[in-house]
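Given next are the chains, with one letter for each unit.
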Amino acid sequence: MPCDGDYQIVTVSANELEGEGYDRTNMRIRPIDEQKIIQLSGICDNVIVLLYCGSAVDISRFVNKVKAIVYVGFAGEAGAEAAANILSGKVCPSGKLAETFPVCIEDIPVNPDNQRPNYEVYEERSFFGYRYYEHYGVEPQFAFGHGLSYAKFAYSDLQLEKRAETEYIVRYNITNLSDRTAKEVSQVYVRDIVASCERPEKELKGFSKDELLPHETKQIEVLLDRDVFAYYNPAIEDTYVENGTFRIMVGAASDDIRLTGEVTIALDEYEQLSMLHRGWAR
């Protein structure tokens, strides 16, 4: 069967499998859709897949066989026009994934043995979402925050300005290396390097979406306040900031860190211990 046209676009919808009030029972799209994509990619080099679904799906069977995958989500009535504008190049895509795309359902943290008829039991503790995959070394299909663009961006000149003991301004430059106007969503993550409790490898604490003209360089600012460095301590029934060194990471995705730096917090130790003792005395 010949492959007519420069590109072949395949639209995959999960409407029959999920919707308002009911969810999919697994991560796979319909087998007939998978087979259609695989067969078409065998006779055409330029297959583009549009995914219309409400959450991550298993794309492992065809991700390396097609030219591009566009996650449209449930974009509403104007979703088709938006997708057409992106595919035609009228609009430069700038979206980033708001969830991790695991390779398969076996990689997700929910234990099938704990499933109940009307609810699920989540045992990840603070390691939910991308934090789980990083903490346990599970390689995702696409990481949290991932997203491609027709433009390329360079990150540079990270500056960490201290405003107070637990407040910093993060500044960095982003340069649009392309010949077209585009937007970039940069992300700021924080890691407590030495903590007395188990904490994630890094946590998203700020982001910025900025439009840059061709070859423009723009300085971005993100505020990190006390809540960024704190964690909830059940002993004192409040948030708590430990003294120590925190790593600040700026990147284009959770697995694409471009800049790193460190800050040290040194609060009054007497006040810190007094807070803990008040909690323990309850």
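Please refer to the structure placed before this passage.
Treat the numbers as computed from the prediction; the structure is a model and nothing was measured. Going along each chain's sequence as written, the residues are numbered from 1 onward. Selection of residues for local features in this predicted model requires a pLDDT of at least 70, selection of side-chain atom pairs for listing and counting requires 80 or more, and totals for whole chains, interfaces and linings are taken over all residues. Values shown for side chains rest on all heavy atoms present in the structure; no hydrogens or waters enter the calculation.

1. Focus: the overall build of the protein
Thinking step 1. Only DSSP runs of H or I covering at least 4 residues are called helices, and only runs of E covering at least 2 are called strands; the numbering of each starts at the N terminus. When helices and strands are counted, the protein shows five helices and 12 strands.
Thinking step 2. A 1.4 Å probe rolled over the protein chains alone gives each residue an accessible area, and that area as a share of the maximum for its type sets the label: buried under 20%, exposed over 50%, partly exposed in between. Buried positions account for 40% of the 282 residues belonging to the protein.
Thinking step 3. Note on contacts: a residue pair is in contact if any heavy atoms of the two residues lie within 4.5 Å. A separation of at least 24 residues holds for 66% of the contacts in the protein among residues at least 6 apart in sequence.

2. A word on the environment of Ala98
Thinking step 1. When you line up the elements, Ala98 lands in the loop between α2 (79-88) and α3 (130-135).
Thinking step 2. C-alpha of Ala98 to C-alpha of Ala143: the two residues are 45 residues apart in sequence and 9.2 Å apart in space.

3. Considering α2
Within an α-helix, residues lying three or four positions from one another point in the same direction, as the helix has 3.6 residues per turn.
Thinking step 1. Those residues of α2 that sit buried are Gly79, Ala83 and Asn85. Along the long axis of α2, the arc covered by the buried residues comes to 160°, so they all point the same way. Residues of α2 that are exposed and angled more than 90 degrees away from the buried face: Glu81 and Ser88.
Thinking step 2. Summarising the contacts, the buried residues of α2 are in contact with β2 (47-52).
Thinking step 3. Gly89 occupies a position one or two residues after α2 and carries a positive phi of about 90°. This arc is taken over the directions from the axis of the helix to the C-beta atoms.

4. Observations regarding the pattern of salt bridges
Thinking step 1. By definition here, a salt bridge exists when the distance from a side-chain nitrogen of Lys or Arg to a carboxyl oxygen of Asp or Glu is within 4 Å. Tallying each qualifying case throughout the model produces 15 salt bridges.
Thinking step 2. Between Asp58 and Arg61 there is a salt bridge; the shortest N-O distance is 3.1 Å.
Thinking step 3. On the basis of relative accessible area, Arg61 is assigned to the partly exposed category, the value being 33%.
Thinking step 4. In this structure, Arg171 engages Glu221 in a salt bridge whose closest nitrogen and oxygen atoms are separated by 2.7 Å. You can see Arg171 sitting in strand β5 (residues 167-176) and its partner Glu221 sitting in strand β8 (residues 217-224), a full 50 residues away along the chain.
Thinking step 5. Given a relative accessible area of 47%, Glu221 falls into the partly exposed group.
Thinking step 6. Each member of the salt-bridge network shares a partner with another, and the members are Arg28, Glu34, Asp58 and Arg61.

5. With respect to helix α1 (residues 31-43)
Thinking step 1. To estimate the expected span of a helix, count its residues, drop one, and scale the result by 1.5 Å. For α1, spanning 13 residues, the distance from its first C-alpha to its last is 19 Å, which sits close to the expected 18 Å at 1.5 Å a residue.
Thinking step 2. Every buried residue belonging to α1 is among Asp33, Glu34, Ile37, Leu40 and Ser41, and all of these are buried. One side of α1 carries all its buried residues, which in axial view fall inside an arc of 140°. Of the exposed residues in α1, those oriented more than 90 degrees away from the buried face are Pro31, Ile32, Gln39 and Gly42.

6. Section: the environment of Ile29
Thinking step 1. For Ile29, the location among the structural elements is in the loop between β1 (8-13) and α1.
Thinking step 2. For the pair Ile29 and Asp58, spaced 29 residues apart in sequence, the C-alpha to C-alpha distance is 7.1 Å.

7. Some words on the sheet that holds strand β11 (residues 244-253)
Thinking step 1. Two strands make a pair as long as DSSP finds a minimum of two bridges between them. An order of β7-β6-β11-β12 is seen for the four strands of this open sheet, with the pairing classed as antiparallel. Edge positions in the sheet fall to β7 (203-212) and β12 (256-265), since each of these pairs with one other strand and no more. Sheet twist, expressed as the mean angle between neighbouring strand axes with direction ignored, is 20°.
Thinking step 2. With nine bridges joining them, strand β6 (residues 182-192) and β7 adopt antiparallel strand pairing. Within β7, the position partnered with Gln187 by the bridge is Phe207. Fitting a line to C-alpha atoms yields each axis, with helices limited to the stretch in contact; the angle taken between N-to-C directions then spans 0 to 180 degrees.

8. A word on unusual backbone geometry
Thinking step 1. Of note, Asp157 is a non-glycine position whose phi angle comes to about 55°, a positive value.
Thinking step 2. Mapped onto the secondary structure, Asp157 falls in strand β4 (residues 153-164).

9. Remarks on the pairing of β12
Thinking step 1. As judged from the nine bridges shared by β11 and β12, these two strands associate in the antiparallel manner. Bridge pairing links Ala253 to Asp256 in β12.
Thinking step 2. The hairpin formed by β11 and β12 contains two residues between the paired strands.

10. Examining the sheet that holds β2
Thinking step 1. Pairing is parallel across the open sheet formed by three strands, whose spatial order is β1-β2-β3. Strands with a single pairing partner mark the edges of an open sheet, and in this sheet they are β1 and β3 (68-71). Strand-to-strand twist of the sheet, defined as the mean angle between neighbouring strand axes without regard to direction, takes the value 20°.
Thinking step 2. Both β2 and β3 contribute to a ladder of four bridges, which runs parallel. Bridge pairing in β3 places Ile48 opposite Ala68.
Thinking step 3. This element, α1, spans β1 and β2 of the sheet and lies at about 170° to β1.
Thinking step 4. Here α2 sits on the sheet in contact with β1, β2 and β3, set at roughly 150° to β2.

Shape is all these values report; function is a separate question.
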